[in-house]
Amino acid sequence: MTATDLPIALQHLQSTVLAMPMARTLGLRFVRAAPGAVELEMPIQDAFCFRPGQLQATALFALGDFAAVSAAGSLLPPGWANATVDGSVKLFAPARGCHVRARGRVVDAGRLLSICAADLYAVAEDGSETPCATWLGTARNLEVRSALA
Ligand SMILES: CC(C)(COP(=O)(O)OP(=O)(O)OC[C@H]1O[C@@H](n2cnc3c(N)ncnc32)[C@H](O)[C@@H]1OP(=O)(O)O)[C@@H](O)C(=O)NCCC(=O)NCCSC(=O)Cc1ccccc1
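All values derive from a computational prediction rather than experimental measurement.

Enquirer: Please provide a residue-by-residue account of the packing of aromatic side chains, values included.
Expert: Within the structure shown, the criterion is met by one aromatic pair. Above the ring of Tyr-121, the side-chain terminus of Arg-103 is found at 4.8 Å from the ring centroid.

Enquirer: Which residues make up the environment of Thr-138, and what are the values?
Expert: With respect to the helices and strands, Thr-138 occurs in strand E8 (residues 129-143). Sequence spacing of Thr-138 and Ser-128 is 10 residues, and the spatial spacing of their C-alpha atoms is 30 Å. Not counting the four nearest positions on each side in its chain, Thr-138 is found in contact with Ala-83, Thr-84, Val-85, Asp-86, Leu-113, Ser-114 and Ile-115. At 2.8 Å, the side chain of Thr-138 forms a polar contact with the side chain of Asp-86.

Enquirer: Give me the lowdown on the site of the ligand, citing residues and values where you can.
Expert: If you check the shell around the ligand, you find 15 residues, and the closest are Ala-83, Thr-84, Arg-140, Glu-143 and Arg-145. In the model, an oxygen atom of the ligand is placed 2.5 Å from a nitrogen or oxygen of the Arg-140 side chain. Glu-143 places a main-chain nitrogen or oxygen 2.4 Å from a nitrogen atom of the ligand. The fraction of the free accessible surface of the ligand (1,100 Å²) that becomes covered by protein chains is 49%. Looking at the shell around the ligand, the elements that each hand over two or more residues are helix H3 (57-73), strand E5 (80-91) and E8. Counting residues per element, the shell around the ligand draws most heavily on E5, at four residues.

Cut-offs applied
- Residues numbered from 1 in each chain as written.
- Predicted model: local features only at pLDDT ≥ 70, side-chain atom pairs only at ≥ 80, totals over all residues.
- Heavy atoms only, no water.
- Phe/Tyr/Trp six-rings, centres within 6.5 Å; stacked < 30°, edge-to-face > 60°.
- Lys NZ or Arg CZ within 6 Å of the ring centre and 35° of its normal.
- Helix = DSSP H or I, 4+ residues; strand = E, 2+ residues; numbered from the N terminus.
- Contact = heavy atoms within 4.5 Å.
- Polar contact = N/O pair within 3.5 Å; in protein donor to acceptor, adjacent residues only side chain to side chain.
- Near = heavy atom within 4 Å.
- Areas by Shrake-Rupley, 256 points an atom, 1.4 Å probe, with all protein chains shown as cover.

Right, here's the structure in full:
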C-alpha cells in the first residue's frame with residue numbers, strides 16, 4: 001500500500017511502524033489501514049522458522065502485536081502514540097505457505113489502555129487463507145513526549 005492511498009494520520013502510523021527495525025527485519029507490509037483496522041503481511045522467511053517452512057512462535061507473536069497495536073493506534077488523536085504492555089498468542093495451526101496475513105482490530109478503545117487483537121492466517125501460493133493464530137493484548141496510550149515522537 002502506498003502512503004498516498006492513506007489519510008495523513010494513517011500515513012503517519014504506517015511510517016512510524018515501518019521505521020521500527022523489527023518491522024523491517026520481519027519484512028512487514030501494510031495491506032490495508034483504516035480507523036480501528038490494520039492488515040499486515042509478513043513473508044515466511046527461513047530465518048524465522050523452527051523447521052523448514054514453518055514459522056516459529058515468536059515471529060507470529062510479533063506480527064500479531066504489530067497488527068493489533070497498530071489498529072489501536074489508528075484510533076488515537078493527533079499527538080498520541082501507544083506501546084504494547086501485554087500480549088498473548090494462541091497458535092492453533094502450522095504457519096506455512098508464502099506469507100502470514102494479520103488482521104488487527106480493536107476490542108475496546110480506552111483513554112489510557114486499549115484492548116486489541118489480531119487474527120492471523122497462513123496464506124498459500126494460490127492465495128488461500130488458513131487461520132493459524134490469534135493475538136490478544138493491551139496497549140498503553142501515551143501523549144507523545146520526545147521519547148516517542
Ligand atoms: C510508558 C509505560 C507504557 C507506562 O508507564 P507508566 O508507569 O504508566 O508511566 P510513567 O509516567 O511512570 O513513565 C515511565 C517512563 O515511560 C516513559 N514515558 C511515559 N510517558 C511517556 C510519554 N508520554 N512519552 C514518552 N515517554 C513516556 C518515560 O521514559 C518515563 O520515564 P520518566 O518518568 O519520564 O523518567 C511503561 O509501562 C513502559 O515503558 N512499558 C514498556 C512498554 C514497551 O516498551 N512496549 C514495547 C514497545 S514496542 C510497541 O509497542 C510496538 C508497536 C508500537 C506501535 C504500533 C505497533 C507496534
